[in-house]
Amino acid sequence: MADPAALGAQYVQQFLSAALSQRGPAALPYSEDAKWLIRQHLMALAGAFASLRPRAASFTHDDGRSSYLLQAEGTIPIVYRGTTYNLPASVWLLEQYPRRPPAVFLTPTPDMLVKPGHPLVDPSGLVRAAAVPYLAAWVYPSSNLVDLVRSLSHLFGLDPPLYSRPAAALPQNQSPPNTRHPIPSSSNPSPPRIYSSLPSPYGGGRFPPSPQTQMSSHPVEDPADVFRRNAISKIVENVHRDAASLRRSQESEMEPLLSLQAELRIRGEELSRGVREMVEEKEGLEQQLQLVLMNTDVLEGWVRETEARSRKVDALDVDNVFEPMDALSRQILELTAADLAVEDTIYSLDKAVQEGAITFESYLKSVRTLCREQFFHRATLAKARAVQVRPRVTKMAPRVPLYAS
């Protein structure tokens, strides 16, 4: 036979997985990054307090807005004067949960009343968050539902907020008092099908017997017990206050450290980025170096080839570099060279007579002889060029009428 506790844990896990995985209009209004923590909190609460079971229902805010939220509904066990009682309660996980504390309500049965003037619970059954140290010092993500219920169980055990209604004051058709905060509504979307299709692991969902049926509506308390209870409550309140103050001081000390950590992380990322850029630049420079070395090898080979060609050019005879095409071209080349040689000789004679190296008579005699030779060279050169050009003129003569038209 299956263990009821294991079966109940399995039902809770399946219900929460189905409820928190809903998408679209039926999705619960919690942030996606908080749904995993909400699931863990409710599963831990169901494991620690089997009398509180998770469910989804409609919640009406003070401003009239309705939201489809998760809640843990059932009873909170307390120990009062050595006897264990169960207070019917409902823990609502509001939209900002777990960054904000839940809303806790006591839901008295028809034969129960909220103790007037109770310091922790208002007449509607709402547990005052400012009066409960754990709710007032709620810190995300360390605060959780299990510790909250344990704290409420301890505080309510010191001063129970509910007591039994006198039998004569309860009409037979008396209905439970209306609360202004949690209002279930059948017009809102129904809970996920996995919840409604599975049997309840908590015995049909009924609350355990009312704790106040054994309490007197006007109990007579021992002054020593009252003093001890008040002292314990004061000590617990001081401890919670000191813990909250210590937590705030630690958070204030951690803020500069967290800022420094974030700055160091940013600087580390900048250094890593700089190292990557330097490595990439080094690789680029190595590629450029390889390219330069290749070009250097090419240039050195070209220099070697050029030097070899220069040595070959120096060994050549300049006069034999050019070869005339025919005898007439050779004659024109020789006559041109002789004409230019005469020009150079006359220029040299002009310098010599100016410097007084030769006499003026010798200068005139030599110039007269050179001019005669130059004349014959130029006359012969003109005739040779005319003979060389004549075939071209003859070839172009038939095309003259074309240009004339």
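Residues numbered from 1 in each chain as written. Predicted model: local features only at pLDDT ≥ 70, side-chain atom pairs only at ≥ 80, totals over all residues. Heavy atoms only, no water.

## A word on the overall build of the protein chain
Counting its secondary structure elements, the protein chain contains nine helices and six strands. Burial statistics for the protein chain: of 405 residues in total, 30% are counted as buried. Look at the contacts in the protein chain between residues 6 or more apart in sequence, and 65% of them connect residues 24 or more apart. If you sum the accessible surface of the protein chain, you get close to 26,700 Å²; carbon and sulfur atoms cover 58% of it. (Helix = DSSP H or I, 4+ residues; strand = E, 2+ residues; numbered from the N terminus. Buried < 20%, exposed > 50% of the residue type's maximum accessible area, 1.4 Å probe, protein only. Contact = heavy atoms within 4.5 Å. Areas by Shrake-Rupley, 256 points an atom, 1.4 Å probe, with all protein chains shown as cover.)

## Concerning unusual backbone geometry
The peptide bond linking Tyr97 to Pro98 adopts the cis configuration, its omega dihedral lying at 5°. With respect to the element layout, Pro98 can be found in the loop between β3 (83–93) and β4 (103–106). For the bond running from Tyr140 to Pro141, omega is 5°, close enough to zero to count as cis. Unlike most non-glycine residues, Arg81 shows phi in positive territory, near 55°. For Arg81, the location among the structural elements is in the loop between β2 (66–80) and β3. On the basis of relative accessible area, Arg81 is assigned to the partly exposed category, the value being 49%.

## Remarks on the environment of Thr380
As for its position among the elements, Thr380 is in helix α8 (residues 360–396). Linking Thr380 and Leu335, residues 45 residues apart in sequence, is a C-alpha distance of 7.6 Å.

## Here's the deal with helix α2 (residues 32–48)
When the terminal C-alpha atoms of α2 are compared, their 25 Å separation across 17 residues agrees well with the 24 Å that a helix rising 1.5 Å per residue should span. Those residues of α2 lying buried are Ala34, Lys35, Leu37, Ile38, Arg39, His41, Leu42, Leu45 and Ala46. (Expected span 1.5 Å × (residues − 1).)

## A short note on the packing of helix α7 (residues 327–355) against α8
Two quantities define a packed helix pair, namely the angle between the helix axes and the distance between the axes. With their axes 9 Å apart at the nearest point, α7 and α8 run at an angle of 160° to one another. Taken together, the axes of α7 and α8 are roughly antiparallel relative to one another. Considering the relative orientation of α7 and α8, their crossing is left-handed. Split by residue class, the contact of α7 with α8 holds 16 nonpolar, nine polar and five charged. (Axes fitted to C-alpha atoms, helices over the stretch in contact; angles between N-to-C directions. Parallel < 35°, antiparallel > 145°, perpendicular 65-115°, else oblique. Left-handed = near helix turned anticlockwise from the far one by under 90°. Nonpolar A, V, L, I, M, F, W, Y, C, P; charged D, E, K, R; others polar.)

## Digging into the pairing of β4
Because side chains alternate across β4, one face comprises the buried residues Ala103 and Phe105, and the other comprises Val104 and Leu106, equally buried. As paired elements, β3 and β4 share four bridges and run antiparallel to each other. Paired with Val91 across the two strands is Val104, which belongs to β4. (Pairing = 2+ DSSP bridges.)

## A word on the nonpolar core
Counting 55 residues, the largest nonpolar core has Leu70, Val127 and Phe156 as the members making the most contacts within it. Excluding its chain neighbours within four sequence positions, the residues that come into contact with Phe156 are Ile78, Leu87, Leu106, Leu120, Val121, Val127 and Pro161. Judged by nonpolar contacts, the second largest core, of six residues, contains Val342, Ile346, Leu349 and Tyr363. (Core = buried A, V, L, I, M, F, W, Y, C linked by side-chain atoms within 4.5 Å.)

## Focus on the confidence of the model for the protein chain
On average, residues of the protein chain score 80 in pLDDT, and 80% of them are at 70 or above. Averaged pLDDT values for the elements of the protein chain fall to 30 in helix α5 (residues 193–196) and rise to 94 in β4. Within the model, the stretch residues 172–219 combines pLDDT values under 50 with 86 contacts to residues more than four positions away or in other chains. (pLDDT = per-residue confidence, 0-100.)

## Examining the packing of aromatic side chains
Here the structure, examined in full by the defined rule, presents six aromatic pairs. Between Phe59 and Trp92 the ring centres are 4.9 Å apart and the planes differ by 50°, which places this aromatic pair in the tilted class. You can see Phe59 sitting in strand β1 (residues 52–60) and its partner Trp92 sitting in strand β3, a full 33 residues away along the chain. Just as Phe59 is buried, Trp92 falls in that class too. For the pair Phe360 and Tyr363, a centre-to-centre distance of 6.1 Å together with 35° between the ring planes defines the contact as tilted. Of this pair, Phe360 and Tyr363 both sit in helix α8, three residues apart, roughly one helical turn. Residue classification places Phe360 among the partly exposed residues on the basis of a relative accessible area of 48%. Taken together through their ring pairs, the aromatic side chains of Phe59, Trp92 and Phe105 make up a single cluster. A cation over a ring is seen here: Arg99 above Tyr140, with NZ or CZ 4.8 Å from the ring centre. (Phe/Tyr/Trp six-rings, centres within 6.5 Å; stacked < 30°, edge-to-face > 60°. Lys NZ or Arg CZ within 6 Å of the ring centre and 35° of its normal.)

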